[in-house]
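A look at the structure
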Amino acid sequence: MMADPSVSAPKLEFAAGGGLLSRRMLLRGAAAGSGAALAALAMPRPAQAEPALPEWVTVAGERARGYGMPAEQEADVQRAIIEPFGDLARAFSLSGTPHHKLRGTITPNGLHFEVHHGGRPNLDPDGHRLMIHGMVERPIKFDLNALERYPMVTATHFLECSGNSFFNAVMPEPMQSGCDMLHGLLSNSEWTGVPVRVLLEEAGVRPEGRWVLAVGNDAPSLARSIPVEKLMDDAFVALYQNGERIRPEQGYPMRLLLPGFEGNMNVKWLTSLWVTDAPAYTKHESGEYTEILANGSSVKFTFAMGVKSVITHPSATMTMSGPGFYEISGIAWSGAGSVRKVEISADGGESWAEAALQEPVLPRALTRFRLPWRWEGAPTLLMSRAEDATGAVQPTRSSWKARYDPSNFLHYNAIQPWQITPEGSVQNVYA
Ligand SMILES: Nc1nc2c(c(=O)[nH]1)N[C@H]1C(S)=C(S)[C@@H](COP(=O)(O)O)O[C@H]1N2
Ligand SMILES: [Mo]
């Protein structure tokens with residue numbers, strides 16, 4: 001195979017050990033053609049014979065259809081089904097977004113992760129109501145049509161289950177699975193809905209009303225206590241997901257959206273906002289979503305998700321197609337605000353190079369990062385480390401583990417190292 005002679009070799013600008021190149025080579029790419037040159041180095045193009053005209057250019061294609069589907073050949077791009085207790089508790093079912101098969105920032109609706117504590121209800125949207133009651137001047141009940149008439153907002157935000165990456169948190173040996181199983185309880189959508197502030201102002205929260213219990217219209221009646229301040233700030237009752245109605249999996253016809261807060265508090269099939277003067281200490285917050293620390297005490301109400309990043313390309317279960325040029329690519333996010341910086345190491349953390357962040361970098365949303373890289377075919381330990389706007393930096397696994405009881409798997413945000421063998425297989429490792 002020969003490299004395309006029409007593209008001249010770029011001047012390589014190395015930024016760190018292990019073959020990491022400067023992100024400036026990507027930024028220059030469009031202007032100086034160095035992006036194309038990198039691609040040519042990665043994939044030499046052999047000369048090919050002129051093919052015969054295929055059928056799809058000689059005969060008319062398929063007709064228009066009412067709702068589009070991905071190409072048939074992409075049928076294996078699926079969520080990973082995770083049922084931790086199998087037949088013992090089938091309705092406690094989860095599925096993970098296949099981040100290693102996606103390359104942008106928005107999660108397609110059919111691939112948004114799911115966490116159902118009591119299965120996905122088949123609820124009747126016409127009979128569904130949202131009630132605002134408790135410590136308010138005027139209790140109100142809304143049906144879907146009434147909510148549709150309120151002013152709405154649109155915002156892009158990630159949702160992450162605080163149990164995301166739990167295999168890495170608790171398995172004694174690193175599990176060899178893709179980013180769907182390992183980090184898939186995370187997705188990113190453009191949500192549209194009615195600000196909770198507008199609804200609470202209409203109901204008139206009394207001065208003693210400091211907390212709100214949000215309740216779902218599903219079998220477990222999942223319920224979480226939320227401080228009024230968050231609801232008055234950027235929370236909304238989401239009705240649309242990436243432009244279309246929220247999917248049944250995500251809480252059709254309405255869910256609570258609390259930007260940056262742990263997934264569990266984003267109550268799906270939302271039916272009640274009960275204004276109170278204190279948290280309710282429901283089993284979902286006291287029993288399930290409380291972290292036990294190394295000293296035996298526990299932390300409740302860890303609302304915001306920590307700063308985190310994962311390299312999705314390459315990642316575990318993938319195989320490198322030989323030494324040469326690659327674009328390292330991944331996702332970073334923080335519940336505290338925007339991602340400020342992502343650094344990548346290809347030598348096990350000895351040296352780091354700053355990755356390019358895809359604009360726009362939105363607060364509490366997935367941010368795509370990239371860095372060009374020349375893999376020499378040597379064993380490589382690849383890692384990414386994110387920093388957010390508050391200056392918080394992703395911890396190593398050992399420093400994260402030191403903080404918690406060994407049983408804790410909630411709010412795991414440690415650096416994910418991928419080990420690349422000389423044969424090119426990419427493996428999950430603890431380092
Ligand atoms: N009513 C209700 N709301 C719920 C849940 C649920 O089981 N029932 N699961 C919670 C959990 S644990 C998470 S992580 C998120 C998952 O949202 P998703 O399924 O849309 O990804 O919804 C939360 N809201
Ligand atoms: Mo969750």
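The written sequence of each chain sets the order in which its residues are numbered from 1. Lettering for chains starts from A, numbering for ligands starts from 1, and both go in the order in which the items are written. It should be noted that, the model being predicted, local features are given only for residues of pLDDT at least 70 and side-chain atom pairs only at 80 or more, the latter also being counted only at that level, while totals for whole chains, interfaces and linings use all residues. For the side-chain quantities, the full set of heavy atoms in the structure was used; hydrogens and water were omitted.

1. Let's talk about the nonpolar core
Stated precisely, the cut-off is as follows: Think of a nonpolar core as a cluster: buried Ala, Val, Leu, Ile, Met, Phe, Trp, Tyr and Cys residues, connected wherever their side-chain atoms sit within 4.5 Å. For the exposure calls, accessible area comes from a 1.4 Å probe over protein chains only, and a residue counts as buried if that area is under 20% of its type's maximum, exposed if over 50%, partly exposed in between. How far each domain reaches was decided by an automatic or database domain assignment. Contacts are assigned to residue pairs that have any heavy atoms within 4.5 Å of one another.
Leu20, Ile344, Trp373, Leu382 and Trp418 are the most contacted members of the largest nonpolar core, which has 50 residues in total. Each of domain 1 (115-280) and domain 2 (308-428) gives at least three residues to this core. In this structure Leu20 touches Phe14, Ala15, Ile328, Ile344, Ser345, Ala346, Ala353, Leu371, Pro372 and Trp373, once residues within four positions along its chain are discounted. In this structure, Met135, Leu199, Leu239 and Leu256 belong to the second largest nonpolar core, which totals 36 residues.

2. Details of the sheet that holds strand E3 (residues 80-82)
Where we set the bar: Only strands that DSSP links by at least two bridges are regarded as paired with each other. The helix and strand labels rest on DSSP assignments: H or I over at least four residues marks a helix, E over at least two residues marks a strand, and numbering proceeds from the N terminus. A fitted line through C-alpha atoms serves as each axis, taken over the contacting stretch for helices, and the angle formed by two N-to-C directions is quoted from 0 to 180°.
The antiparallel open sheet is built from three strands, whose spatial order is E3-E4-E5. Among the strands making up the open sheet, the edge pair consists of E3 and strand E5 (114-116). Strand-to-strand twist across the sheet, computed as the mean angle between neighbouring axes with direction ignored, equals 15 degrees. Here strand E4 (residues 93-96) runs beside E5; their pairing, made up of three bridges, is antiparallel. By the bridge assignment, Ser95 is partnered in E5 with Glu114.

3. Some thoughts on the domain arrangement of the protein
Heads up, the rule is: We define a salt bridge as a side-chain nitrogen of Lys or Arg found within 4 Å of a carboxyl oxygen belonging to Asp or Glu. Any N or O atom pair separated by 3.5 Å or less is treated as a polar contact, with the protein-specific requirement of one donor-capable and one acceptor-capable atom, and with residues adjacent in sequence counted only for side-chain atom pairs. Classification convention: Asp, Glu, Lys, Arg as charged; Ala, Val, Leu, Ile, Met, Phe, Trp, Tyr, Cys, Pro as nonpolar; all other residues, Gly among them, as polar.
Assigned domains within the protein: domain 1 (115-280) and domain 2 (308-428). Here domain 1 and domain 2 have C-alpha centroids that lie 29 Å from each other. Counting from both sides, the interface comprises 26 residues of domain 1 and, opposite them, 30 residues of domain 2. Across the domain 1-domain 2 interface, the total number found is one salt bridge. Here Lys308 ties to Glu160 by a salt bridge, and the two come within 2.9 Å at their closest N and O atoms. Viewed at the interface, domain 2 and domain 1 are joined by 15 residue pairs in polar contact (both at pLDDT 80 or more). Listing elements by their share of the side of domain 1 that touches domain 2, those giving two or more residues are strand E8 (153-160), helix H5 (166-170), helix H6 (179-183) and strand E9 (186-195). Class assignment for the residues of the side of domain 1 that touches domain 2 results in 11 nonpolar, 13 polar and two charged.

4. Focus: the pairing of strand E19 (residues 324-333)
For E19, a buried count of eight out of 10 residues is recorded, marking the element as mostly surrounded by other parts of the structure. In this structure, strand E18 (residues 308-313) lies alongside E19, joined through five bridges in antiparallel fashion. Paired with His313 across the two strands is Ser329, which belongs to E19. Relative to strand E23 (residues 367-375), E19 runs antiparallel, the two being bridged by nine bridges. Among the inter-strand pairings, Gly330 is bridged to a residue of E23, identified as Phe369.

5. Quick word on the site of ligand 1
Convention followed: Whether a residue is near a molecule or strand is decided by its heavy atoms; if any one of them lies within 4 Å of it, the residue is near. For the area figures, the Shrake-Rupley method with a 1.4 Å probe applies, and any residue is considered shielded solely by the protein chains shown.
In the vicinity of ligand 1 there are 20 residues, among which Phe113, His117, Asp218, Arg255 and Lys268 approach most closely. Between an oxygen atom of ligand 1 and a side-chain N or O atom of His112, the distance comes to 3.3 Å. Gln250 is positioned such that a nitrogen or oxygen atom in its side chain is 3.1 Å from an oxygen atom of ligand 1. Look at ligand 1: alone it shows 530 Å² of surface, and the protein chains cover 100% of it. A total of three residues in the shell around ligand 1 trace back to one element, the largest contributor, which is E5.

6. Structural notes on the state of the cysteines
Stated precisely, the cut-off is as follows: Here, a disulfide means two cysteine sulfur atoms that sit within 2.5 Å of each other.
The tally for this structure, following the rule as stated, stands at zero disulfides. Lacking any disulfide linkage, Cys179 is separated from the closest cysteine sulfur, that of Cys161, by 17 Å.

7. Quick word on the sheet that holds strand E24 (residues 380-388)
The five strands are arranged E21-E20-E24-E25-E26 in an open sheet whose pairing can be described as antiparallel. Where the open sheet ends on each side, the last strands, each with one partner, are strand E21 (353-354) and strand E26 (426-428). Looking at chain direction, strand E20 (residues 339-345) and E21 are connected through two bridges and run antiparallel. Across the sheet, Glu343 pairs through a bridge with Glu354, a residue of E21.

8. Structural notes on the confidence of the model for the protein
Under the convention used in this document: What pLDDT reports is the predictor's confidence in each residue, on a scale of 0 through 100.
The share of residues in the protein with pLDDT of 70 or more is 93%, and the mean pLDDT across the chain is 94. Confidence drops under pLDDT 50 across residues 1-6; counting only partners more than four residues distant or on other chains, this segment forms six contacts.

9. Concerning the packing of aromatic side chains
The condition that has to hold: To pair, rings of Phe, Tyr and Trp, with the six-membered ring standing in for Trp, must have centres within 6.5 Å; the planes then decide the type, stacked if under 30 degrees apart, edge-to-face if over 60, and tilted in the middle. Lysine NZ or arginine CZ positioned within 6 Å of the ring centre and within 35 degrees of the ring normal marks a charge as sitting over the ring.
According to the stated counting rule, one finds 11 aromatic pairs in the structure shown. For the pair Trp211 and Phe301, a centre-to-centre distance of 5.4 Å together with 45 degrees between the ring planes defines the contact as tilted. Here Phe301 lies in the loop between strand E17 (298-299) and E18 and Trp211 lies in strand E10 (residues 211-216), a separation of 90 residues in the sequence. As far as burial versus exposure is concerned, Trp211 and Phe301 are alike and both buried. Of note, Lys230 hangs over the ring of Phe261, and the distance from its end group to the ring centre comes to 4.3 Å. One Lys or Arg, Arg397, reaches over the ring of Tyr430 and ends 3.6 Å from the middle of that ring.

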